[in-house]
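# Architecture at a glance
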Amino acid sequence: MRVNVDVLQRQASAGFTLATEVADWLSRRGVPFAEKMLQSQEDVTELKQLVGDAFVPALKVGKQSFRGFEAGTWNNLLDLAGYPKSAPYGSKPSGGLAK
């Protein structure tokens, strides 16, 4: 895995430095998601097949994918796919580790 320092600095300045913060952001929107730990080369290969690169965080909505976190882009992709702008009152967070 490689670290893109420019992206890391941009994301940190936007307030998103941890995967849990991105997960919280998705939960606030009411978007179901799964987290996957990259623990083996097979996991990295699977991520590359899913989103085209071994870069995290990554978002795949339908056939569209985006690497890195930029709230405007993620909001646009989720809006176009019809996801809610906020979670319904009383909903439970999604997430958890995918198997």
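The structure this text deals with has already been given above.
Keep in mind it's a predicted model, so treat the numbers as computed, not measured.

Side chains that differ in sign of charge can pair as their charged atoms come close. For the structure shown, the criterion picks out 3 salt bridges. Close ionic contact of R67 with D53 constitutes a salt bridge, the shortest N to O distance being 2.3 Å. One end of the pair, R67, is in strand β2 (residues 64-67); the other, D53, is in the loop between α3 (41-51) and β1 (58-61), and 14 residues separate them in sequence. In this structure R67 comes out as partly exposed when scored by relative accessible area, which is 39%. Where salt bridges share partners, they join R29, D79 and K85 into one cluster.

Before going further, it helps to examine the pairing of β2. For β1 and β2, the ladder comprises 4 bridges, and the chain directions are antiparallel. Looking across to β2, one finds that L59 is bridged to F66. Between the antiparallel neighbours β1 and β2 lie 2 residues, among them G62 with a positive phi of about 65°.

Before going further, it helps to spend a moment on the side chain of R29. Mapping R29 onto the fold places it in helix α2 (residues 19-29). Beyond its immediate stretch of four places on either side in the chain, R29 contacts N75, L78, D79, Y83, P84, K85, S86 and A87.

As a further point, take α3. By the burial criterion, the buried members of α3 are D43, V44, L47 and V51. Each buried residue of α3 lies within a common arc of 100° when the element is viewed along its axis, so the set occupies one face. The exposed residues of α3 that point more than 90 degrees off its buried face are Q41, E42 and Q49. Elements in contact with the buried residues of α3: β1 and β2. Phi turns positive, to about 95°, at G52, one or two residues after α3.

Here is what the cut-offs are and how they apply
- Residues numbered from 1 in each chain as written.
- Predicted model: local features only at pLDDT ≥ 70, side-chain atom pairs only at ≥ 80, totals over all residues.
- Heavy atoms only, no water.
- Salt bridge = Lys/Arg side-chain N within 4 Å of Asp/Glu carboxyl O.
- Helix = DSSP H or I, 4+ residues; strand = E, 2+ residues; numbered from the N terminus.
- Buried < 20%, exposed > 50% of the residue type's maximum accessible area, 1.4 Å probe, protein only.
- Pairing = 2+ DSSP bridges.
- Contact = heavy atoms within 4.5 Å.
- Arc of directions from axis to C-beta.

Geometric descriptors of this kind do not, in isolation, establish any biological role.
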